[in-house]
Every structure is written in structure tokens, then in C-alpha cells.
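# Per-entry structural report
Now for the letters of each chain:
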Amino acid sequence: MDYPGNLFVVSAPSGAGKSSLVKALMELDARVQPSVSHTTRAPRGQEKHGREYFFASEQEFDAMVQANGFVEWANVHGRRYGTSRKAIEERVAQGADVVLEIDYQGALQIKQAFVNAVLIFILPPSWDELRSRLERRGEDTADVIDLRLKNAAQEMAEACKFDFVIINEVFERALFDLKTIVHAQRLKYAAQRRARAQTFESLNIP
Ligand SMILES: Nc1nc2c(ncn2[C@@H]2O[C@H](COP(=O)(O)OP(=O)(O)O)[C@@H](O)[C@H]2O)c(=O)[nH]1
Ligand SMILES: Nc1ncnc2c1ncn2[C@@H]1O[C@H](COP(=O)(O)OP(=O)(O)O)[C@@H](O)[C@H]1O
């Protein structure tokens, strides 16, 4: 499928810093818009329905799956998370750059549906630092942190399937890397679209 906007997918093990990086990117770049996912997990402290997530019951989530309302969805850490068609299709069609913060299973599904989507994986600098970021964030119970760390090794093994990998050690450097990828892709796709338009014009293809 072709569309005028760019689609960026950012995945990471929990605590690597993807939400902080995406938030900082959006503060710097008004063209980048978030895709708000649906989830069956409970809201954390400051989270608001419709801002971080649309919080859904199991039944509501099932109904959306049945209605083909998701472009991708997956089970992550024992809960379901999904990207609704509404969250992205209309906006990329209007030329927005949409960023999806989703897990690797969802990222790979998105790449099947949108071949031009750019897949970015964020890694922590070390295992110990990943654990201490999860602990310092202070949003999850010890059990939840243990489950997330247990899943992190398998998630990180998927990084090789992504277009880019960023190591989030010094935050500002990782943010710079992310910005560079976004700018490079905009230039690349703009050039591709120009080349295609020229080809169509020279062949008189309507
Ligand atoms: N496949 C998929 N994964 C999602 C979606 N939304 C969030 N996730 C992933 O679910 C995982 C857990 O997210 P969350 O509970 O917010 O915790 P966090 O990883 O600490 O931010 C993360 O890997 C997210 O990237 C979605 O719409 N689809
Ligand atoms: N480069 C960094 N150095 C130190 N702490 C960081 C860095 N990046 C993010 N953090 C902190 O680590 C915690 C987890 O970050 P968060 O963005 O919530 O991760 P994720 O969305 O990947 O689960 C937060 O408390 C955040 O402020």
C-alpha cells in the first residue's frame, strides 16, 4: 500500500526508554504524531484514556478483533495490545508521519501491511541498567518487573529484524539518532515519490 505520510515503528524491551524518546521526538517535531493503541492492561498512575492508550475490557478488545478493527495486535506480557486502523490509516493518507510504539510482533505485522514502514529497535546499554530503569520508573510491581525482564531477552533477539537499532545510553544521543532516522526517511521517500511521478509522467500513466 502506498501513502503520502511516513510510518515509524519503535519497539524496545520495557524500560529501555522508548516512550521517553518518542515523547521527546514529538516535542521537537510537530509533523510526528502518535498512534494511540488499545490495551487490556490497567492504566498506570498518570495515564489517561485516549492519551497513552485506549483502555479496553477483554470483551471490547474481542469485538474490535472480530470487526477487523486492528491493523495488528499481539499478546505482550500477558495482556493484549493493538493498533486500530483508525489510529493510522487516515492520518498517513493525509501526509502525517505517524509513530507507533509497539512490540516486535506488532512491528513485524506492520511491515507486512506497510512495506515502507521504518522499524526502529531501542536497546538499553546493559541488562543491569534495564532493570534499574524499570525500578526507578516506579510504576510496576516487582512481579511485573520480573516478567518484563524475563521477556526482554527474547524481545532483544528480534532486534536484528529491524531497519535500525539505537542504543539508549545517553538520552540526548539516542534522541539525535532517532531524529536523524526520521529526517533521512523523509528525504528518501520524498525522492522516491518524485522519481515515480516523473516515470509516470514520461510514460503518460494517469
Ligand atoms: N503489538 C503491539 N504492542 C503494543 C501496542 N501498544 C503497546 N505495545 C507494546 O506492549 C508492551 C508493553 O507496553 P506498556 O504496558 O505500555 O509498557 P512499557 O513497555 O513499559 O511502555 C511494549 O512493548 C509496547 O511497545 C500495540 O498497539 N500493539
Ligand atoms: N538514556 C536514559 N538514561 C537514563 N534513564 C533513562 C534513559 N532513557 C529513559 N530513561 C528512564 O528510564 C525509565 C523507562 O523509560 P520509558 O521511556 O518509560 O521506557 P519504555 O517506554 O521503553 O518502557 C524512565 O524512568 C525514563 O525516565
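Here the structure is shown first, and the text comes after it.
First things first, this report covers the structure right here in the doc. (Residues numbered from 1 in each chain as written. Chains lettered and ligands numbered in written order. Predicted model: local features only at pLDDT ≥ 70, side-chain atom pairs only at ≥ 80, totals over all residues. Heavy atoms only, no water.)

## Concerning the overall build of the protein
Cut-off, in case you're wondering: Strands are runs of DSSP state E lasting at least 2 residues, helices are runs of H or I lasting at least 4, and numbering of each runs from the N terminus. Only C-alpha atoms enter the radius of gyration; for comparison, a globular chain is expected to reach 2.2 Å times N to the power 0.38, where N is the number of residues. Buried, partly exposed and exposed residues are distinguished by accessible area as a fraction of the type maximum, computed with a 1.4 Å probe on protein chains only: under 20%, between the cut-offs, and over 50%, respectively. Here, two residues are considered to be in contact whenever any of their heavy atoms come within 4.5 Å of each other. Methods summary: accessible areas were calculated by the Shrake-Rupley approach with a probe of 1.4 Å, and residue burial reflects only the protein chains presented. Residues scored as charged are limited to Lys and Arg (positive) and Asp and Glu (negative), so that His and the chain ends carry no count. For the purpose of locating charges, the reference atoms are NZ of Lys, CZ of Arg, CG of Asp and CD of Glu.
Helices and strands together make up the secondary structure of the protein, namely seven helices and nine strands. A globule of 206 residues ought to have a C-alpha radius of gyration of about 17 Å, and the protein, at 18 Å, matches this closely. Judged by the C-alpha coordinates and their principal axes, the protein covers about 65 × 40 × 30 Å. Buried residues in the protein amount to 45% of all 206 residues. Taking the intrachain contacts of the protein between residues at least 6 apart in sequence as the baseline, contacts between residues at least 24 apart amount to 69%. On the protein, roughly 11,300 Å² of surface is accessible, and the fraction owed to carbon and sulfur atoms is 53%. Measuring between centres, the 27 positive side-chain charges of the protein sit 3 Å from its 28 negative side-chain charges.

## Side note on the sheet that holds strand β2 (residues 32-34)
The following threshold applies: A pair of strands is considered paired only if DSSP assigns at least 2 bridges between the two. Each axis is a line fitted through C-alpha atoms, taken for helices only over the stretch in contact, and angles between the N-to-C directions span 0 to 180 degrees.
Pairing in this open sheet of five strands is parallel, and the strands run β2-β7-β1-β8-β9 from one edge to the other. Both outer strands of the open sheet, β2 and β9 (164-167), are each paired with one neighbouring strand and no more. Averaged over all neighbouring strand pairs, the angle between strand axes comes to 25°, with direction disregarded. Examined bridge by bridge, strand β1 (residues 7-11) and strand β8 (residues 118-123) share four bridges and lie parallel to one another. Bridge pairing links S11 to F121 in β8. Strands β1, β2 and β7 (97-101) of the sheet are contacted by helix α3 (residues 85-93), whose axis makes an angle of about 160° with β7. Contacts from helix α4 (residues 104-113) reach β1, β7 and β8, with the element oriented near 160° to β1.

## Quick look at the site of ligand 1
Applied cut-off: By convention in these notes, a residue is near a molecule or strand provided one of its non-hydrogen atoms lies within 4 Å of it. Whenever two N or O atoms come within 3.5 Å, that pair is a polar contact, provided that in protein one can donate a hydrogen and the other can accept it, and provided that, for residues adjacent in sequence, both atoms are side-chain atoms. Side-chain classes are defined by residue name, with Ala, Val, Leu, Ile, Met, Phe, Trp, Tyr, Cys and Pro counting as nonpolar, Asp, Glu, Lys and Arg as charged, and the others, Gly among them, as polar.
Within the structure, ligand 1 sits among 20 residues, and S14, S37, R41, Y53 and Y81 are positioned closest to it. Note that an oxygen atom of ligand 1 is positioned 2.6 Å from one of the side-chain N or O atoms of R41. Within the side chain of R44, an N or O atom sits 2.9 Å from an oxygen atom of ligand 1. In isolation ligand 1 exposes 560 Å². Once the protein is present, 98% of that is buried. Those elements that place two or more of their residues in the shell around ligand 1 are β5 (70-76) and β6 (79-84). Split by residue class, the shell around ligand 1 holds six nonpolar, six polar and eight charged.

## Some remarks on the packing of aromatic side chains
Each aromatic ring pair is described using two quantities: the centre-to-centre distance and the angle formed by the ring planes. Worth spelling out the cut-off: Only the six-membered ring of Trp is used, alongside the rings of Phe and Tyr, when aromatic pairs are assigned; centres must lie within 6.5 Å, and planes under 30 degrees apart are stacked while those over 60 apart are edge-to-face, with the rest tilted. Criterion for a charge above a ring: Arg CZ or Lys NZ at most 6 Å from the ring centre, at most 35 degrees from the ring normal.
The final tally for this structure, using the stated rule, is five aromatic pairs. Judged by centre distance (5.0 Å) and plane angle (80°), the rings of F121 and F162 are edge-to-face. Here the residue F121 occupies a position in strand β8, and F162 occupies one in the loop between α6 (142-156) and β9, the gap between them amounting to 41 residues. For the pair formed by F121 and F162, the shared burial category is buried. Through a chain of ring-to-ring contacts, the aromatic side chains of Y53, F55 and Y81 assemble into a single cluster. Between R80 and the ring centre of W73, over which it is positioned, the NZ or CZ distance is 5.8 Å.

## A few points about the site of ligand 2
Near ligand 2 there are 15 residues, and of these G15, S19, S20, R137 and N168 occur at the shortest range. In the model, an oxygen atom of ligand 2 is placed 3.0 Å from a nitrogen or oxygen of the G17 main chain. Contacts to ligand 2 include R137, whose side-chain N or O atom sits 2.8 Å from an oxygen atom. Its free accessible area being 560 Å², ligand 2 has 77% of it covered by the protein chains. Looking at the shell around ligand 2, the elements that each hand over two or more residues are α1 (18-28) and α5 (127-137). Tallying contributions element by element places α5 first for the shell around ligand 2, with four residues. For the shell around ligand 2, the residue count by class is three nonpolar, six polar and six charged.

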